There are 2 protein chains.
Amino acid sequence: MRAVCVLGTGLIGGSLMRAATRAGRPVWGTAASEATAAAAVADGFDVTTDTDAALARAAEADALVVVAVPLTALEPVLRRIDAVAPTCRLTDAVSVKVAVADLVAEHAPRARYVGGHPMAGTAESGWAAGDAGLFDGAAWVVAADDGLDLDVWRDVADLAWACGSRVVPAAIDEHDAAVARISHLPHLFAAVLAAVGAGDQGDDLALALSAGSFADGTRVAGTRPELVLAMCEGNRAALLGAVDDALGRLGAMRGALASTGGLAATVHAGHEARMRWSSTRDPLALPVDLHGDDVFAELRELGRRGDVVEPPKE
Amino acid sequence: MRAVCVLGTGLIGGSLMRAATRAGRPVWGTAASEATAAAAVADGFDVTTDTDAALARAAEADALVVVAVPLTALEPVLRRIDAVAPTCRLTDAVSVKVAVADLVAEHAPRARYVGGHPMAGTAESGWAAGDAGLFDGAAWVVAADDGLDLDVWRDVADLAWACGSRVVPAAIDEHDAAVARISHLPHLFAAVLAAVGAGDQGDDLALALSAGSFADGTRVAGTRPELVLAMCEGNRAALLGAVDDALGRLGAMRGALASTGGLAATVHAGHEARMRWSSTRDPLALPVDLHGDDVFAELRELGRRGDVVEPPKE
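Residues numbered from 1 in each chain as written. Chains lettered and ligands numbered in written order. Predicted model: local features only at pLDDT ≥ 70, side-chain atom pairs only at ≥ 80, totals over all residues. Heavy atoms only, no water.

1. Brief notes about the overall build of chain A
Here is the rule: Think of it this way: any DSSP run of H or I at least four residues long counts as a helix, any run of E at least two long counts as a strand, and we number them from the N terminus. In this description the radius of gyration comes from C-alpha coordinates, and the expected globular size is given by 2.2 Å times residues to the power 0.38. A 1.4 Å probe rolled over the protein chains alone gives each residue an accessible area, and that area as a share of the maximum for its type sets the label: buried under 20%, exposed over 50%, partly exposed in between. Contacts between residues were defined by any pair of non-hydrogen atoms, one from each residue, lying within 4.5 Å. Here the Shrake-Rupley method, with its probe set to 1.4 Å, supplies the accessible areas, and only the displayed protein chains count as covering residues. Within this scheme the basic residues Lys and Arg register as positive and the acidic residues Asp and Glu register as negative, but His and the chain ends are omitted. Think of each charge as sitting on NZ of Lys, CZ of Arg, CG of Asp or CD of Glu.
When its secondary structure is counted, chain A shows 13 helices and 11 strands. A globule of 314 residues ought to have a C-alpha radius of gyration of about 20 Å, and chain A, at 21 Å, matches this closely. With the C-alpha coordinates of chain A rotated into their principal frame, the extents come out at 70 × 50 × 35 Å. Per-residue burial for chain A yields a buried fraction of 54% across its 314 residues. For chain A, restricting intrachain contacts to residue pairs at least 6 apart in sequence, the fraction spanning at least 24 positions comes to 69%. Summed over its atoms, the accessible surface of chain A is roughly 12,100 Å², and 53% of this surface lies on carbon and sulfur atoms. Between the centroid of the 26 positive side chains of chain A and the centroid of its 42 negative side chains there is a distance of 2 Å.

Here you go:
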């Protein structure tokens, strides 16, 4: 049972320490401040602010190192990995994958890195908000590009399963494009819809008349702006593609509304898409033989079908 | 206690008959088919397919006539009103107000018309879906343009209060612009967001990774397309304005994302708008003296502040 070294004790890192501990794994980690480390220690966890010591222990134990710091704080952590545990088994829990892979290639090029993205979160943040059950039933994306270390791939998938998640394999660029469309764009749409609904300051008639469609469509505009900005701005290239797709569809709709007054194409396409979404809510778990040259191609295809990888039988 | 004649037995008309009956009003009405009339009669309601007879009775009793048929079915009903009960007290329950006022001016110009819009609904339709409690707590917009018949205004407000609703006064063009922004645009945004998220047929990765932000942002894309089309296409002019506002904001956001990568303006504006929305969830009920020349201006101002008209004390 592979040990886990978690760098970062925010909502995701802190939940990961708790979930891996719940699963019986040896777990230790690092916090950015003495206060957070002390809080984690008081809760019974093995947490220090000494990153080099934690990484030396990871190299010694051949542990899986999980980087769970914000994208903007990644570079110095990767430099310490390259200095202390240069060939470690490495994954991460950051919400974009191409940018992280680029930083790893630059600053910790010898690490055996397989990116990950546990798709869980709440409106809360920080060590105290952590929860061993945060990943139960969530999708946990595991990078599935050709040439990755299959042994580390199994480690990351094992950790995801141990934390109660479903393993969704994906090429990292396809992952970033997907989250732009189903997570980042929805936040921007909610912001624009809220602003259009609110209209001019001093005229609350529209807001007063709003009901379910507006309440639901703008809900995530209530998220703390700094969280939304960190998430969206870190995925700029993929997000631009999603925004342009949306603008194209809205422009076509605007043209139809102005010329013939007809909205049937837009409304029917949206209805069909929502029906397709409903059909993906209960993914098939399929067995995959994690050996051979073609395994990553097979895994990527499985992910594109909306299926997940079946955990090994007990 | 004024009697109520309801033309139309769909979800809204059928619920209105039940709610007005619950409030102790004398109620009768008309259905478009013998089968629906028979179903309503079997449920104990006084419903016929003979529109002229129902209207003659309304003229005789000085009842408030409520037109609760779809916008596309309005014209022949108005012609019968003009023939049988030309000066009746008249309101309606259609979701757009300028188009209805234009049709009334053309086809029943002598009616004492004050438009209404009870903002309630479910995914269901038809007589059987009706519910006496449908309007409890809902906003019921009552037209408040200068020159309306204040006596009929009180009748419409009394009916709304009797059905458990909050009375929101508004100029009819401001009403149509408001519902375009907080009801019709959200449906189009949901449709476009669903289509962008679904992307290409055969690639369900994005849908499989979607979570709360996408589920909420696309929920109303699951509404039956014909309902959405009837609602949106009937409010074309106002909807174009809302769509253009949204396109302007999205275009500015796209420009900022492409040039500096910054989304702060969009995200902060959305967050502030959502906070403003939250503050409108518990409207103030204010007393209004329903007399005098300036009463409609006062009512419109009250509606723009997001307040509602206080029902008369018992």
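2. Concerning the relation of the copies chain A and chain B
As a reminder of what qualifies: Each copy is superposed on the other by least squares, with the fit set by C-alpha atoms of residues at a pLDDT of at least 70 in both.
The transform that puts chain A on chain B rotates by 180° and translates by 0.0 Å along the axis, for an RMSD of 0.0 Å. This pairing of chains is accounted for by a two-fold axis. Residue glycine 217 of chain A, judged by its C-alpha, is the member of chain A lying nearest the rotation axis, at 2.2 Å. The share of interface residues of chain A whose copies in chain B are also at the interface is 100%, consistent with both copies meeting through the same surface.

3. Concerning the interface of chain A and chain B
Basically, it comes down to this: Put simply, buried area is the surface a 1.4 Å probe can reach on two separate parts but cannot reach once they are joined, added for both. Put simply, a salt bridge is a Lys or Arg side-chain nitrogen that is within 4 Å of an Asp or Glu carboxyl oxygen. In protein, a polar contact requires one atom able to donate a hydrogen and another able to accept it; more generally it is a pair of N or O atoms within 3.5 Å, and residues adjacent in sequence count only if both atoms are side-chain atoms.
With 92 residues of chain A at the interface, the matching set in chain B holds 92 residues. Where chain A abuts chain B, roughly 8,400 Å² becomes buried across the two surfaces, and 68% of that area is made up of carbon and sulfur atoms. Considering only the surface of chain A that becomes buried against chain B, Ile182, Leu209 and Arg276 of chain A emerge as the three largest contributors, covering 9% of it. One can count six salt bridges joining chain A with chain B. For arginine 254 of chain A, the salt bridge is made with aspartate 244 of chain B, and the minimal N-O distance between the two is 2.7 Å. Viewed at the interface, chain B and chain A are joined by 40 residue pairs in polar contact (both at pLDDT 80 or more). Per-element accounting of the side of chain A that touches chain B gives the leading share, 19 residues, to helix H7 (residues 172–198) of chain A.

4. Structural notes on the packing of aromatic side chains
The way to describe two aromatic rings as a pair is by their centre distance and the angle between their planes. To keep things clear, this is the line we draw: Paired rings are identified among Phe, Tyr and Trp, the last through its six-membered ring, by centres lying within 6.5 Å, and are further divided according to the angle between planes into stacked (under 30 degrees), edge-to-face (over 60) and tilted (the rest). Cation placement over rings: the criterion is NZ of Lys or CZ of Arg within 6 Å of the ring centroid and within 35° of the ring normal.
Counted according to the given criterion, the structure contains five aromatic pairs over all chains. Here phenylalanine 45 of chain A and tryptophan 127 of chain A contribute two aromatic rings whose centre-to-centre distance is 5.3 Å and whose plane-to-plane angle is 75°, an arrangement assigned as edge-to-face. Placement of the pair is phenylalanine 45 of chain A in the loop between helix H2 (34–42) and strand E3 (47–48) and tryptophan 127 of chain A in the loop between strand E7 (116–118) and strand E8 (139–143), with a sequence separation of 82 residues. Of the two residues, phenylalanine 45 of chain A and tryptophan 127 of chain A, neither departs from the other in class, the shared state being buried. Aromatic pair phenylalanine 135 of chain B and tryptophan 140 of chain B: ring centres 5.4 Å apart, planes at 50°, arrangement tilted. Sitting above the plane of the tryptophan 127 of chain A ring, arginine 18 of chain A keeps its charged end 3.9 Å from the centroid.

5. Examining the sheet that holds strand E2 (residues 27–30) of chain A
Residue and element names in this part refer to chain A. Quick note on the threshold: For two strands to be treated as a pair, DSSP must find no fewer than two bridges joining them.
Taken together, six strands build an open sheet; the order of strands is E3-E2-E1-E4-E5-E6 and the sheet is parallel. Because the sheet does not close on itself, it has two edges, and the strands there are E3 and strand E6 (112–113). With four bridges joining them, strand E1 (residues 4–7) and E2 adopt parallel strand pairing. Residue pairing for E2: cysteine 5 is matched across the bridge by tryptophan 28.

6. Some details on the sheet that holds strand E1 (residues 4–7) of chain B
Residues and elements named next belong to chain B. For clarity, the cut-off: For helices, the fitted axis covers only the stretch in contact; all axes are lines through C-alpha atoms, and the angles between them, taken along N-to-C directions, range from 0 to 180 degrees.
The six strands lie next to each other as E3-E2-E1-E4-E5-E6, forming an open sheet whose pairing is parallel. Here the strands that pair on one side only, and so sit at the sheet edges, are strand E3 (47–48) and strand E6 (112–113). Direction of pairing for E1 relative to strand E4 (residues 64–67): parallel, over a ladder of four bridges. Looking at E4, one finds that cysteine 5 is bridged to valine 65. Together, E1, strand E2 (27–30), E3 and E4 form the strand contacts of helix H1 (residues 11–22), whose direction differs from that of E2 by roughly 165°.

7. Overview of unusual backbone geometry
Residues and elements named next belong to chain A. The residue aspartate 62 is not glycine, and still its phi comes out positive at about 55°. You can see aspartate 62 is positioned in the loop between helix H3 (51–61) and strand E4 (64–67). Owing to a relative accessible area of 34%, aspartate 62 belongs among the partly exposed residues under this scheme.

8. Quick word on the pattern of salt bridges
Oppositely charged side chains are able to pair whenever their charged atoms sit close together. In the structure shown here, the tally under the stated rule is 50 salt bridges over all chains. For aspartate 151 of chain A, the salt bridge is made with arginine 112 of chain A, and the minimal N-O distance between the two is 3.7 Å. Taken as a pair, aspartate 151 of chain A in helix H6 (residues 150–162) and arginine 112 of chain A in strand E6 lie far apart in primary sequence, 39 residues in all. Notably, a salt bridge pairs arginine 2 of chain B with aspartate 62 of chain B, separated by 3.4 Å at the nearest N-O pair. With arginine 2 of chain B in the segment before E1 and aspartate 62 of chain B in the loop between helix H3 (51–61) and E4, this residue pair connects regions lying 60 residues apart in the sequence. The class for arginine 2 of chain B is partly exposed, based on a relative accessible area of 25%.

9. Examining the domain arrangement of chain A
All names here are of chain A. Which entries qualify depends on this criterion: In this entry, domain limits derive from an automatic or database-based domain assignment.
Under the domain assignment, chain A is made up of domain 1 (4–170 + 282–309) and domain 2 (176–279). The C-alpha-based centres of domain 1 and domain 2 are spaced at 31 Å. With 10 residues of domain 1 in contact, the opposing surface of domain 2 contributes nine residues. When domain 1 packs against domain 2, the two sides together hide about 610 Å² of surface, and 51% of this comes from carbon and sulfur. Interface area lost by domain 1 to domain 2 is led by Ser95, Val96 and Met119, which between them contribute 46%. Taken together, domain 1 and domain 2 are joined by zero salt bridges.

10. So, empty space enclosed by the protein
Quick note on the threshold: Here a cavity denotes grid points, spaced 1 Å and computed from the protein atoms alone, that fit a 1.4 Å probe unable to get out, and a pocket denotes an open set having protein on both sides within 12 Å along at least 5 of 7 lines; residues with an atom within 4 Å of a point are the lining. Grid points are joined across faces, edges and corners, and a volume is the space filled by probe spheres set on the points. Residues are sorted three ways: Asp, Glu, Lys and Arg are charged, Ala, Val, Leu, Ile, Met, Phe, Trp, Tyr, Cys and Pro are nonpolar, and all the rest, Gly among them, are polar.
By the definition in use, this model includes four cavities of 30 Å³ or more. When its volume is computed, the largest cavity comes out at roughly 80 Å³. Within the residue set of the lining of the largest cavity, elements represented by two or more residues are H7 and helix H9 (212–217) of chain A together with helix H7 (172–198) and helix H9 (212–217) of chain B. Its residues assigned to classes, the lining of the largest cavity comprises nine nonpolar, four polar and three charged.

11. Topic: helix H4 (residues 74–84) of chain B
All names here are of chain B. Which entries qualify depends on this criterion: Arc, as used here, means the arc of the directions from the helix axis to the C-beta atoms.
Looking only at H4, the buried set comprises Leu74, Val77, Leu78 and Ile81. The arc that holds the buried residues of H4, viewed along the axis, is 100°, so those residues lie on one side. Tucked inside the fold, the buried residues of H4 contact E1, H3, E4, strand E5 (89–92) and helix H5 (98–107).

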